[in-house]
Amino acid sequence: MKILQRYFAVSILQAVAFVMLAFLGLLAFMDLTGELPRLGKNGYELPYALLYVVALIPSHVYEVMPVAALIGTIYTMAQFASTSEFTIMRAASMSTRMAGMMLFKIGAVLVVITFIFGELITPRTAPFAEKLRLTGRGATVSAEFKSGLWTKDVIKSEGMTGTVLGSRFFNVREVRPDGTLVGVKLYEFDNNFRLRTLTEAKSGTFQGNNRWRLEEVTENIFSNPALLKEGAQATAANNFNQETGLVEIRKHASTDLISEITPKILSVSASDPESMSANELAVYTRHLAENKQGTERFKIAFWKKLFDPLAVFVLMALALPFAYLHTRSGGVSLKIFIGIMIGVSFLLVNTLFSHIGVLSSVPAIITAIMPSVIFLALAVGALWWVERH
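Below, the structure is looked at part by part.

**Quick notes on the pairing of strand E1 (residues 149-158)**
Two strands pair when backbone bridges link them, and E1 and strand E2 (residues 161-175) are joined in this way by nine bridges, in the antiparallel orientation. Bridge pairing in E2 links valine 154 to serine 167. Counting the residues in the hairpin turn of E1 and E2 gives two residues, including glycine 159, whose phi is positive at 85 degrees.

This is how it looks when you write it as structure tokens:
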């Protein structure tokens with residue numbers, strides 16, 4: 001069985017690698033085609049576009065690995081069937097369970113590779129690709145947002161700990177590729193959602209340990225004596241009575257700000273959840289939950305990060321029945337075409353459930369795992385059918 005296992009592994013991995021190269025070449029060509037209209041504008045030249053396309057390749061590896069595993073395995077199984085090799089293997093006492101176990105071991109290697117690309121490589125190359133393109137175009141991270149980049153955190157009495165005093169809304173006009181903030185506005189509200197401070201700064205740089213250094217700062221402090229008197233019962237009119245004389249303006253050459261907002265969170269705010277690691281998604285989801293913001297999209301992306309690589313097992317199981325179909329049931333090319341259709345169907349169903357999860361109250365974990373469950377049921381049904389026919 002060790003010889004058979006090695007033979008299966010070499011044949012399938014070679015086929016998967018060939019299919020993967022074909023997919024990557026096609027996707028790279030499509031990415032490059034999408035960049036061509038931007039060439040020559042704002043100093044964006046071909047070398048930047050080529051580097052951008054190359055930096056996107058790891059994310060494509062993660063996306064298409066399950067489909068490549070499906071098509072590569074179908075090709076190998078169809079070849080075994082066309083040359084009667086699989087029939088000979090079965091005659092030599094190889095059961096369906098044994099064949100399934102051999103595919104499982106090969107799939108485990110592909111799952112590990114997928115996890116490595118999804119958790120370690122793509123979260124680094126995808127932001128690098130975006131920064132590369134922005135640098136080449138002389139643009140900024142928030143250039144496509146008309147009102148800049150927005151995010152939110154809470155104000156605590158001791159910086160990162162203590163009693164919650166209110167909420168703070170960040171508005172950043174530009175986030176440069178090096179992480180420097182340009183055109184910073186901070187809107188601070190108390191627990192009753194009354195505006196207490198409006199701070200504007202020309203720029204901001206992150207100093208580490210949740211500390212920002214703001215430069216050329218103008219601080220507008222709003223106060224209402226009627227609301228500050230201990231035990232006073234403020235009326236609805238008093239709540240909005242912010243007279244000009246009660247606005248204090250302070251100017252600072254520089255000041256420090258303690259906030260749970262970090263450059264990582266700012267970059268995540270403008271990033272595609274699919275290009276983030278599970279750890280980044282967990283941290284950002286917790287941040288959104290603490291600030292009472294919608295988390296469903298990021299929860300779904302988190303669970304998909306955990307379950308999508310395991311789809312390699314499911315799709316390889318779907319490929320096994322093709323070994324039982326003889327040449328008269330269709331040539332190798334027909335089986336590969338069917339495999340491509342199955343792979344495309346899986347991607348469409350996976351995307352469909354992601355949108356359903358965002359629009360409905362279905363738990364994120366169910367949304368993420370359901371496509372794999374559906375196709376696993378199809379694989380089991382197909383194996384049951386071929387063994388009895």
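So, next bit.
**Details of the nonpolar core**
Grouped together as the largest cluster of nonpolar side chains are 45 residues, with contacts concentrated most on Phe8, Ile12, Met77, Phe86, Met316 and Leu320. The set of elements that each furnish at least two residues to this core consists of helix H1 (2-35), helix H2 (46-82), helix H3 (85-91), helix H4 (96-137), helix H10 (311-319), helix H11 (332-359) and helix H12 (364-388). Other than its neighbours up to four places away in sequence, methionine 77 contacts Phe8, Ile12, Ala319, Leu320, Phe322 and Ala323. Formed by 21 residues, the second largest nonpolar core is a distinct cluster that contains Val175, Leu214, Ile261 and Phe298.

**With respect to H2**
In this model H2 runs just 46 Å from its N-terminal to its C-terminal C-alpha over 37 residues, more than 12% under the 54 Å that 1.5 Å per residue would give. At valine 64, H2 shows its maximal kink, close to 50 degrees; a proline, proline 66, follows between one and four residues later. Taken across its 37 residues, H2 has 26 buried, putting it largely inside the fold. Looking at the residues trailing H2, positive phi occurs at serine 84, about 65 degrees.

**Some words on the sheet that holds strand E4 (residues 195-208)**
Within the open sheet, the six strands sit side by side as E1-E2-E3-E4-E5-E6. Their pairing is antiparallel. The open sheet has two free edges, formed respectively by E1 and strand E6 (247-258), since each of these has just one partner strand. Shown here is a sheet whose adjacent strand axes are inclined to one another by a mean of 25 degrees, direction ignored.

**Focus: the packing of aromatic side chains**
Tallied over the full model, the rule gives nine aromatic pairs. Between the aromatic rings of tryptophan 150 and tyrosine 187, the centroid separation amounts to 6.0 Å while the plane-to-plane angle is 20 degrees, which identifies the pairing as stacked. Residue tryptophan 150 is located in strand E1, and its partner tyrosine 187 is located in strand E3 (residues 181-190); the two are separated by 37 residues in the primary sequence. Looking at tryptophan 150, the relative accessible area reads 42%, which means it is partly exposed. Both rings, one in tryptophan 303 and one in phenylalanine 307, keep their centres 6.0 Å apart while their planes meet at 20 degrees; by these two values the pair is stacked. A residue pair is termed a helical-turn pair when its members lie 3 or 4 positions apart in one helix, as tryptophan 303 and phenylalanine 307 do in helix H9 (residues 296-307) at four residues. For tryptophan 303, a relative accessible area of 28% puts it in the partly exposed group. A relative accessible area of 18% places phenylalanine 307 in the buried class. Taken together, the ring pairs connect Tyr7, Phe8 and Phe80 into an aromatic cluster. Looking at arginine 297, its charged tip hangs above the ring of phenylalanine 298, at a distance of 5.9 Å from the centre.

**Comments concerning unusual backbone geometry**
If you check the backbone angles, serine 84 has positive phi at about 65 degrees while not being a glycine. Along the polypeptide, serine 84 turns up in the loop between H2 and H3. The backbone phi angle of phenylalanine 193 is positive, close to 60 degrees, even though this residue is not glycine. Structurally, phenylalanine 193 can be placed in the loop between E3 and E4.

**Some thoughts on the pattern of salt bridges**
Pairs may arise between side chains of opposite charge once their charged atoms sit close together. Applying the stated rule across the entire model yields nine salt bridges. The salt bridge partner of arginine 194 is aspartate 190, with a shortest N-O separation of 3.1 Å. Note that aspartate 256 and arginine 211 form a salt bridge whose closest N and O atoms lie 3.5 Å from each other. Here arginine 211 lies in strand E5 (residues 211-222) and aspartate 256 lies in strand E6, a separation of 45 residues in the sequence. Judged by its relative accessible area of 34%, aspartate 256 is partly exposed. Taken together, the shared-partner salt bridges in this structure form one network comprising Asp153, Arg168 and Glu188.

Criteria and thresholds
Going along each chain's sequence as written, the residues are numbered from 1 onward. For a predicted model such as this one, the threshold for reporting local features is a pLDDT of at least 70, and the threshold for listing and counting side-chain atom pairs is 80 or more; totals across whole chains, interfaces and linings nevertheless cover every residue. By convention in this description, side-chain values take in all heavy atoms of the structure and omit both hydrogens and water. When DSSP finds two or more bridges between two strands, those strands count as paired. Working definition: helices are DSSP H or I runs of at least four residues, strands are E runs of at least two. Numbering for both runs from the N terminus. Side-chain atoms within 4.5 Å are what join buried Ala, Val, Leu, Ile, Met, Phe, Trp, Tyr and Cys residues into a set we call a nonpolar core. Buried, partly exposed and exposed residues are distinguished by accessible area as a fraction of the type maximum, computed with a 1.4 Å probe on protein chains only: under 20%, between the cut-offs, and over 50%, respectively. Only heavy atoms matter for contacts: two residues are in contact if any of them lie within 4.5 Å across the pair. In this scheme, a helix's expected span is set at 1.5 Å multiplied by one less than its residue total. Note that the bend at a residue is defined as the angle between axes fitted to the seven residues ending at it and the seven residues starting at it. Only the stretch in contact is used when fitting a helix axis, every axis being a line fitted to C-alpha atoms; angles between N-to-C directions are given from 0 to 180 degrees. Note on aromatic contacts: the rings of Phe and Tyr and the six-membered ring of Trp form a pair at centre separations within 6.5 Å, being stacked when their planes are under 30 degrees apart, edge-to-face when over 60 apart, and tilted otherwise. To sit over a ring, a charge needs its Lys NZ or Arg CZ within 6 Å of the ring centre and within 35 degrees of the ring normal. Each reported salt bridge corresponds to a side-chain nitrogen of Lys or Arg within 4 Å of a carboxyl oxygen of Asp or Glu.

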